[in-house]
Amino acid sequence: MQTQRPDEPVPEDGPPSAAPAREASAVHASAAHASAADGSVREAAAPVPSVRQPYEGRVYERGVYDGAPPRDGADVRVGRLAATVERLRREVREAHAAAEGRALIEMAKGILVERLGCGPAQAARQLDTLADQAGLSRLELAADLIDQAAHDRVTEAAREFLARAEGGAEGRGGTDRDGGRGGDDGEAPSLSVRLRTAESGALAADDTQAVAESLLEHALTPLGAVAVAIWAAGTDASLTLAGSAGYAAEEAARWHYVPPGVATLARRALTERRPVWFATPAETGLPTLGRRQAPEGCRVTVPADNGGRILGVLEICWPGPLEPQPPQVQRQIEALAELCAHTLDSRDAGAEDSGEALQARHPGASELVDFADGLLDPALVLVPQLDAEGRLADFRIHHVSAHFVDPAGRPRGAVAGAMLLEAYPMAVGESGLFEKIEHVHATGEPFRAERMVLRALVGQVPLTVEASVSISRHGENVLLIWRVQDEAARLASVLQHAQRLGRIGGFEENLVTGEIVWNSQLFALHGLPPTAAPIPLEQLPAHTHADDEAAIGRFLRTLLHHRRPASTAFRLQRPDGIVRHIRVVAEPALDAEGRLVAVRGAYQDVSAQHWTEVALGATRDQLAQTEQQAAERNRMTLQLQRAIMPPTRGPIDAGGLDIAVRYRPAEKDYLVGGDWYDAVVLPSGQVLLSVGDVAGHGIEAATGMVVLRNALRGLATTGAGPAQILAWLNTVAHHLTENVTATAVCGLYDPDTRTLRWARAGHPPPVLVRRGEAVTLPLVGGLLLGAIAEAGYEEEKLVLETGDMLLMYTDGLIERRDRSLQESLDQLMALARDSGATLDKQLDRLLTYSNSDTDDDTCVVGVRMR
């Protein structure tokens, strides 16, 4: 084979690779010409469009090579072969589209033959003439003729969309391409053509899989959809994937069958009986086909119903989120769902005719009549009745069972053959019976209700009864069963539920005949199947725990020998190895002569109560032990605190100062805290005055208080000032204790100069009373003890005058939950202004009238200058 050089001209008839294309085009043109000869579609063979095929950096377009020169002859041959394959593939697709278009044209010709009474050839010529006059293609005109003749949902969707498109294109002087006309020049086909093409493909398809592929190709791809699934609804409300397109084969195989009750996107449409749009599958959390393929894709599920019965669900998938669609698009999708219903209906009809096994799954009215007559409860066989538009209007009572009892008292003949709403007009409305029947007929989901209110008319008087109702669909028909509950039945039902909830089983033993009657709950308590023989009372010890045999013996002697009612609790050993705690109560039944003839009673499973009581007993014991330990700890804490700081100490005379102290423990023992005070004359002659409060309560706070109080005394003997003493005490609290924090005030009084030097560590400031006025000392800086490793503290000096009174205290004296600290200080200073009494009485008065509400312990140190 010769290699074409880049600078050589290409022959006019194209490169050698074009020869197969010309031959295929000639065959296609000959077929079109032969078709036109017999009055069918007369279309010239479309010219072969240009092909742009990239290959190894070169491009072949309209028979001309452009780009880098080929490397060898093999590359050229492969490039020409790839272009030929692509061209032939496109021609095959065009041939398929032409075949589908011919189906629509043939249908339109049939309509003209029927209306004009002419032959096929004349109808073909008339179709050409009408198309030329209307300025439409033959395919467009064919679709319009089918729409005019059909008057179905496809027609409605096409007209509604066309009207919207024409209204939006008035200012442009033409029709929108998606909703208007598509000619022969490559424009997109109109909506009517797309829907009718999809319809013809569905009608001509051999199976539902081909229908799904046709819908996706012709109707859904122009809407942006990428996948479609057709679900067939079973009589048991299951879903079977009848066909799909756009999904991976492995994914479709995994979703071949969805059992009843499994919630999916398709089941939403089945149960709600309306189209359901989902922005993304993730918004509901429901599983569905192809969720991994398009996790964020919009979905819509539409019920495919025929005559009020939902045969399946059409599910459509888009690649991503979708804006809310206009009503015109929604009508298109509903029209496609109607096509699916027709396909599924035809599929079911063919399946029912294919074998006896499937006929058993979809029994006809005759089999259902025999089944209803075999029931002991009243039953109605209902056959759906459709209106002129094919919608469900009512149900005809096809058969009334032999045991039928009408709530209104009418005979069977007055109901049989009548329409359901005529015989029972009050089934619509509050009772909801007709809506339930309609739902079961549409979805196939059975309905059960233990108690349902039924209403019937007796004359013109409404009658209300309660009944248990069962509704199920069998093929096209519906079986309605009800059982009217009288007073005795209702009471028996209430008793049965009470025994079940209370885990109670009743029995009666005839001592003359040996007959024993147990209810179903008693078999369950003993772990026996309902078919097992009941256990006589005399054999009860053999099923009892060894430790309880004595109690069962006393129970039987009291009941059988003394003939008195008796009860006891024991452990029942069941055959399955489980031990249950049972309480049994029984009474004897005597005849007229006083002879024991029967025993009746009940067993109750009290295992849960027993183990609850055991747990409560253990909890009570543990709580009592814990309370005892806590009380002991609190007692020891209180003793320790009182040993170190007695509640009251007499006046101390130290260098012209009168000193008095008070300690008030917390009202509750478990709130005993770490408050301390100290007033002692140091070896240097100075007087140490201090109060402090360790955070927390209990033994830990008390031991922390002892450590800090003793450390403060020792540090005070060094001769350092109050600020330095608190700095050292902070180091002790931070490093030498276990996370102890505290507040404190430390003062050193020099009798020679009557000067008080003092510092504070996060503690309320002292209060000075002078000449009838009470003020707080300046709030010098200082962090609480133990907060950080190193802290600095400020120091102040105060020269005391004769008659001055100084108060140091802990927060237990002033703190309240409902007011600020400043308000509490103001109240304290108001009480302290009256300094006429002795110092001891003044401190007692402060404690008496203190209105703190924190139940905390309190320390007060009072100093008065003589």
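Just so it is clear, the structure is predicted and the values come from calculations on it, not from any experiment.

Draft legend 1. Main features of the environment of Leu748. The residue Leu748 is located in strand β24 (residues 742-750) in this model. On the basis of relative accessibility, which here comes to 2%, the residue Leu748 falls in the buried class. What Leu748 contacts, discounting residues up to four positions off in sequence, is Leu682, Gln686, Val687, Leu688, Ala720, Gly721, Pro722, Ile725, Thr755, Leu756 and Arg757.

Draft legend 2. Examining the sheet that holds strand β28 (residues 796-799) more closely. Ordered in space as β22-β23-β24-β25-β28, the five strands form an open sheet in which the pairing is antiparallel. The sheet terminates laterally at β22 (673-681) and β28, the two strands that pair on one side only. Taken pair by pair, the neighbouring strands of this sheet meet at an average axis angle of 15 degrees, ignoring direction. Where strand β23 (residues 687-697) lies against β24, eight bridges are found, and the strand directions are antiparallel. Note that in β24 the partner of Val691 across the bridge is Val745. Helix α20 (residues 722-735) contacts β24 and β25 (755-761) of the sheet and is inclined by roughly 30 degrees relative to β25.

Draft legend 3. Layout of helix α22 (residues 839-849). Of all the positions in α22, only Leu839, Gln842, Leu843, Leu846 and Leu847 are classed as buried. What you see down the axis of α22 is that its buried residues fit within an arc of 135 degrees, all on one side. In α22, the exposed residues that point more than 90 degrees away from the buried face are Lys841, Thr848 and Tyr849. On its buried face, α22 is in contact with β21 (657-664), β29 (805-809), α21 (821-832) and β30 (858-865).

Draft legend 4. Inspection of the packing of aromatic side chains at higher detail. Evaluated as defined, the whole model comprises seven aromatic pairs. Ring centres of Phe395 and Phe434 lie 5.9 Å apart, and the angle between their planes is 65 degrees; this geometry places the pair in the edge-to-face category. Here Phe434 lies in helix α14 (residues 433-443) and Phe395 lies in strand β11 (residues 392-400), a separation of 39 residues in the sequence. Across the pair, exposure class does not vary: Phe395 and Phe434 are buried alike. An angle of 65 degrees between the planes, with centres 5.2 Å apart, marks the rings of Trp518 and Phe523 as edge-to-face. Each of the two residues, Trp518 as well as Phe523, counts as buried. Taken together, the ring pairs in this structure connect Phe404, Tyr424 and Trp482 into an aromatic cluster.

Draft legend 5. Spatial organisation of the confidence of the model for the protein. This prediction gives the protein a mean pLDDT of 77; 75% of its residues lie at or above 70. Of all helices and strands in the protein, the one with the weakest mean pLDDT is helix α1 (residues 18-37) (37), whereas β25 scores best (96). Note on residues 160-188: pLDDT under 50 across the span, and 43 contacts to partners over four residues away in sequence or across chains. When the criterion is pLDDT under 50, residues 352-363 qualifies, and its contacts beyond four places in sequence or with other chains add up to nine contacts.

Draft legend 6. Looking closely at the nonpolar core. Within the largest apolar cluster, 30 residues are counted, with the highest numbers of intra-cluster contacts made by Val694, Leu708, Ile725, Leu726, Leu729 and Tyr793. Contributing elements (two or more residues each) for this core: β23, α19 (699-716), α20, β24 and β25. The biggest single contributor to this core is α19, with eight residues. Other than its neighbours up to four places away in sequence, Val694 contacts Gly674, Trp676, Ala701, Gly704, Met705, Leu708, Val740, Thr741 and Ala742.

Draft legend 7. Quick look at the sheet that holds strand β4 (residues 227-233). Judged by pairing direction, the sheet is antiparallel, and its six strands sit side by side in the order β6-β5-β4-β9-β8-β7 without closing on themselves. Edge strands, defined here as strands with exactly one partner in the open sheet, are β6 (257-258) and β7 (276-278). The sheet contact formed by β4 and strand β5 (residues 239-245) spans six bridges and is antiparallel. The partner of Trp231 across the bridge, within β5, is Leu241.

Draft legend 8. Spatial organisation of a nonpolar patch on the surface. Residues Leu783, Leu784 and Ile788 make up a contiguous nonpolar surface patch of about 230 Å² in total accessible area. By relative accessible area, which is 33% here, Leu784 ends up partly exposed.

Draft legend 9. Highlighting unusual backbone geometry. With a phi close to 60 degrees, Arg273 is a non-glycine residue in the positive phi region. Mapped onto the elements, Arg273 comes out in the loop between α9 (265-272) and β7. Given a relative accessible area of 31%, Arg273 falls into the partly exposed group.

Rules of the game
Residues numbered from 1 in each chain as written. Predicted model: local features only at pLDDT ≥ 70, side-chain atom pairs only at ≥ 80, totals over all residues. Heavy atoms only, no water. Helix = DSSP H or I, 4+ residues; strand = E, 2+ residues; numbered from the N terminus. Buried < 20%, exposed > 50% of the residue type's maximum accessible area, 1.4 Å probe, protein only. Contact = heavy atoms within 4.5 Å. Pairing = 2+ DSSP bridges. Axes fitted to C-alpha atoms, helices over the stretch in contact; angles between N-to-C directions. Arc of directions from axis to C-beta. Phe/Tyr/Trp six-rings, centres within 6.5 Å; stacked < 30°, edge-to-face > 60°. pLDDT = per-residue confidence, 0-100. Core = buried A, V, L, I, M, F, W, Y, C linked by side-chain atoms within 4.5 Å. Patch = residues over 30% accessible without salt bridge, like charges linked within 9 Å, V, L, I, M, F, W, Y side chains within 5 Å. Areas by Shrake-Rupley, 256 points an atom, 1.4 Å probe, with all protein chains shown as cover. Salt bridge = Lys/Arg side-chain N within 4 Å of Asp/Glu carboxyl O.

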